[in-house]
Amino acid sequence: MQDYPEWFVNLIRSIANKRPKVVGLHILEHGSISTEELETLYGYKHAPRAARDLRELGIPLETIRVKNSAGRSIAAYRFGDLAAVRQDRLAGRTVFPKQFKQQLIAHYGARCSICGGKFEARYLQIDHRVPYEVAGDQGLGERNVEDYQLLCGECNRAKSWSCEHCPNWLQEKQPQICLTCLLGKARILYSCCITKNSQS
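S.K.: Quick question: what am I supposed to make of the overall build of the protein here?
M.R.: Assigned secondary structure in the protein consists of ten helices and five strands. By the burial criterion, 44% of the 200 residues in the protein qualify as buried. Taking contacts inside the protein between residues at least 6 apart in sequence as the whole, the part at least 24 apart equals 63%. Of the accessible surface of the protein, which amounts to about 11,200 Å², a share of 51% is contributed by carbon and sulfur atoms.

In structure tokens:
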């Protein structure tokens, strides 16, 4: 085990959700965890999502490059600056009540905010307009529907990928940048993030 402060070790061990706890305990033991390890050791097909789960609990992670068993360069994750730990986020995302989804449907209609497709309510997912990783959960008391949107599963996955590769997500974490990106049309959303990445 790496030499981490006792408070931090206890914090990682106290995580209740399985996936982020697995990631955290592995990094405690080995110093990092690669996307290959997440898939082969733990069966997580979408490794960035597993790492994101830990980040969303307020644990800073750095993405590094390592070689996999075939010699290819892949991503791996290690703890970042422990001074940036957000213990107030350890409970993670709050669960959205069913009535809040109904409020969003009443406000936006039963359609995806990105592709515009109409869906049954059960196929729409509540999404933070400003990613949780950037701004946390909006409105711990009364939620404002303007801070959220409804997305179909495909668009939600595409948006997650786009956001996770945006410099604002990785470094700056300024909510106002996300708002200028996310409030546009889907083609603006993706070209915006792609442009930012090409400039970094």
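Now that the structure has been shown, the text picks up again.
S.K.: I keep staring at the side chain of Asp53 and nothing clicks. Help me out?
M.R.: Examined against the element boundaries, Asp53 turns out to sit in helix α4 (residues 47–56). Given a relative accessible area of 11%, Asp53 falls into the buried group. Ignoring anything within four residues of it in the chain, the contact list for Asp53 reads Arg19 and Pro20.

S.K.: Could you clarify how one ought to interpret the nonpolar core in this entry?
M.R.: Nonpolar side chains in soluble globular proteins generally cluster together in the buried interior. In this structure, Phe8, Leu38, Ile59 and Phe79 are the most contacted members of the largest nonpolar core, which totals 24 residues. Listing elements by their share of this core, those giving two or more residues are α1 (6–13), α2 (18–30), α4 and β3 (73–79). Each residue touching Ile59, except ones within four places of it in the same chain, is listed here: Phe8, Leu11, Ile12, Leu54, Phe79 and Val85. Phe100, Leu104, Val145 and Leu150 belong to the second largest nonpolar core, which has 13 residues in total.

S.K.: Explain the layout of surface pockets here, please?
M.R.: One simple way to see leftover space: roll a probe sized like a water molecule over the atoms. As a volume, the second largest pocket reaches approximately 380 Å³. Lining the second largest pocket are 16 residues, and of these Arg55, Pro60, Leu61, Glu133 and Lys173 lie nearest its centre. Only β2 (61–67), α6 (132–135) and α8 (167–172) provide two or more residues apiece to the lining of the second largest pocket. Grouping the constituent residues of the lining of the second largest pocket by class yields seven nonpolar, three polar and six charged.

S.K.: In this structure, what is going on with the side chain of His26? I would like to understand it.
M.R.: Residue position: His26 is located in helix α2. Residues contacting His26, with those up to four places away along its chain left out, are Gly31, Ser32, Ile33, Glu37, Leu41 and Tyr42.

S.K.: What am I meant to see in the packing of aromatic side chains here?
M.R.: Within a pair of aromatic rings, the relevant descriptors are the distance that separates the centres and the angle that separates the planes. A full pass over the atoms with the stated rule returns six aromatic pairs. Ring geometry for Tyr42 against Tyr44: centres 6.5 Å apart, planes inclined by 25 degrees, an arrangement best described as stacked. In this structure Tyr44 comes out as buried when scored by relative accessible area, which is 14%. Taking 5.2 Å as the distance between ring centres and 85 degrees as the angle between the ring planes, the aromatic pair formed by Phe100 and Tyr148 counts as edge-to-face.

S.K.: Would you mind showing me how to read the pairing of strand β4 (residues 124–128) here?
M.R.: Along any regular strand the residues' side chains alternate between the sheet's two faces. Counting buried positions along β4 gives four out of five residues, so the element sits mostly inside the fold. For β4 and strand β5 (residues 148–152), the ladder comprises five bridges, and the chain directions are antiparallel. Looking at the pairing, Asp127 lines up with Gln149 of β5.

S.K.: How should I be thinking about the packing of α2 against α4 in this particular structure?
M.R.: Their axes nearest at 8 Å, the elements α2 and α4 cross at an angle of 90 degrees. Accordingly, the angle class assigned to the pair α2 and α4 is roughly perpendicular. Across the interface between the two elements, Arg19, Pro20, Val23 and Gly24 from α2 touch Arg49, Ala50, Asp53 and Leu54 from α4. Tallied by class, the residues present in the contact of α2 with α4 amount to four nonpolar, one polar and three charged.

Calculation rules
Residues numbered from 1 in each chain as written. Predicted model: local features only at pLDDT ≥ 70, side-chain atom pairs only at ≥ 80, totals over all residues. Heavy atoms only, no water. Helix = DSSP H or I, 4+ residues; strand = E, 2+ residues; numbered from the N terminus. Buried < 20%, exposed > 50% of the residue type's maximum accessible area, 1.4 Å probe, protein only. Contact = heavy atoms within 4.5 Å. Areas by Shrake-Rupley, 256 points an atom, 1.4 Å probe, with all protein chains shown as cover. Core = buried A, V, L, I, M, F, W, Y, C linked by side-chain atoms within 4.5 Å. 1 Å grid on protein atoms, 1.4 Å probe; cavity = no way out; pocket = protein on both sides within 12 Å on 5 of 7 lines; lining within 4 Å. Points joined across faces, edges and corners; volume = space filled by probe spheres on them. Nonpolar A, V, L, I, M, F, W, Y, C, P; charged D, E, K, R; others polar. Phe/Tyr/Trp six-rings, centres within 6.5 Å; stacked < 30°, edge-to-face > 60°. Pairing = 2+ DSSP bridges. Axes fitted to C-alpha atoms, helices over the stretch in contact; angles between N-to-C directions. Parallel < 35°, antiparallel > 145°, perpendicular 65-115°, else oblique.

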